[in-house]
Amino acid sequence: MPTLVYSTWGLLHLIAALASLLLGTTVLVLPKRGKLHQRLGYGYVISMAVMLVTSFTIYRQYHGFGIFHVAALLSSITLSLGMIPVLRKKPARSWRQLHYSFMYLSVLEIYVALVAEVLVRMPGMSFWEVASLSTTTVMLPGALLFTRFRKRWQGPSHRALHQARPAMRVNA
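The present account deals with the structure reproduced in this document. (Residues numbered from 1 in each chain as written. Predicted model: local features only at pLDDT ≥ 70, side-chain atom pairs only at ≥ 80, totals over all residues. Heavy atoms only, no water.)

1. Focus: the packing of helix 1 (residues 8–29) against helix 2 (residues 34–55)
Working step 1: Interaxial distance between helix 1 and helix 2 falls to 8 Å at its minimum, and their mutual angle equals 150°. With respect to helix 2, the element helix 1 is oriented roughly antiparallel. Helix-helix and strand crossings are classified by hand; for helix 1 and helix 2 the assignment is left-handed. In this structure, helix 1 uses W9, L12, H13, A16, A17, A19, S20, L23, G24, T26 and V27 to contact helix 2, whose residues at the interface are H37, L40, G41, G43, Y44, S47, M48, V50, M51, T54 and S55.
Working step 2: Here the residues of the contact of helix 1 with helix 2 sort into twelve nonpolar, ten polar and no charged. (Axes fitted to C-alpha atoms, helices over the stretch in contact; angles between N-to-C directions. Helix = DSSP H or I, 4+ residues; strand = E, 2+ residues; numbered from the N terminus. Parallel < 35°, antiparallel > 145°, perpendicular 65-115°, else oblique. Left-handed = near helix turned anticlockwise from the far one by under 90°. Contact = heavy atoms within 4.5 Å. Nonpolar A, V, L, I, M, F, W, Y, C, P; charged D, E, K, R; others polar.)

In structure tokens form, the structure reads like this:
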């Protein structure tokens, strides 16, 4: 039977990845805004940061820097782009939308990584088969769900603000 974890770093990486999956999914499912959302969201960010950092201590698959390390770099960028609008509250009109979009993508990326991690352990699958299958099986349904839930995530107060804004009049 193959070993799932080969080192302490690998175990920490696995625990952080599982926490990221659980917290990220929970944040997406529960109502947005409020203290619970904020606490779970920061838990997600911290667990992702631990997972991403520990990914650079794992070199067993490629015996050096590999495609999963490239994915970790890209995921770090997505996670940062999801948090910067929250921390800066800019741009004023769209920071929430930017936050929701990038954080949703961040959660999708970890699901892609999960599927890829499972598939690379299956004998006979090439890199391109793993990459295309994991991306397709997660990103297509994920994009459909994002399109469906985007307005709900913006919340009624956000939509009302944009709908109720009176048109500017120019007095001549």
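2. Points about unusual backbone geometry
Working step 1: For the bond from K90 to P91, the omega torsion is -5°, close enough to zero to count as cis.
Working step 2: Summarising the element assignment, P91 is placed in the loop between helix 3 (67–88) and helix 4 (95–120).
Working step 3: Backbone geometry places R33, a non-glycine residue, at a positive phi of 70°.
Working step 4: Here R33 lies in the loop between helix 1 and helix 2.
Working step 5: Within the chain, K89 stands out as a residue other than glycine whose phi angle is a positive 60°.

3. Focus on the side chain of T78
Working step 1: Here T78 lies in helix 3.
Working step 2: T78 sits in the buried class, given a relative accessible area of 7%. (Buried < 20%, exposed > 50% of the residue type's maximum accessible area, 1.4 Å probe, protein only.)

4. Observations regarding the nonpolar core
The nonpolar side chains of soluble globular proteins are, as a tendency, buried together.
Working step 1: Core analysis: the biggest nonpolar cluster contains 23 residues, and Y44, V45, M48, M51, L52, L79 and M103 have the highest contact counts within it.
Working step 2: If you list the elements that add at least two residues to this core, you get helix 1, helix 2, helix 3, helix 4 and helix 5 (127–164).
Working step 3: Here M51 is in contact with H13, A16, A17 and I110, once residues within four sequence places are set aside. (Core = buried A, V, L, I, M, F, W, Y, C linked by side-chain atoms within 4.5 Å.)

5. Quick word on the packing of aromatic side chains
Any aromatic ring pair is given by two values, namely how distant the centres are and how the planes are angled relative to each other.
Working step 1: Scanning all chains against the criterion turns up one aromatic pair.
Working step 2: Between the aromatic rings of Y104 and F146, the centroid separation amounts to 5.2 Å while the plane-to-plane angle is 40°, which identifies the pairing as tilted. In this pair, Y104 is assigned in helix 4 and F146 in helix 5, connecting sequence segments 42 residues apart.
Working step 3: A cation over a ring is seen here: K89 above W95, with NZ or CZ 4.5 Å from the ring centre. (Phe/Tyr/Trp six-rings, centres within 6.5 Å; stacked < 30°, edge-to-face > 60°. Lys NZ or Arg CZ within 6 Å of the ring centre and 35° of its normal.)

6. A look at the side chain of K32
Working step 1: Secondary-structure assignment places K32 in the loop between helix 1 and helix 2.
Working step 2: No salt bridge is formed by the buried K32; the nearest opposite charge belongs to E109, separated by 17 Å.
Working step 3: At a separation of 2.8 Å, a polar atom in the side chain of K32 contacts the main-chain carbonyl oxygen of L28.
Working step 4: Separated by 2.6 Å, the side chain of K32 and the backbone oxygen of L30 make a polar contact. (Lys, Arg positive; Asp, Glu negative; His and termini not counted. Salt bridge = Lys/Arg side-chain N within 4 Å of Asp/Glu carboxyl O. Polar contact = N/O pair within 3.5 Å; in protein donor to acceptor, adjacent residues only side chain to side chain.)

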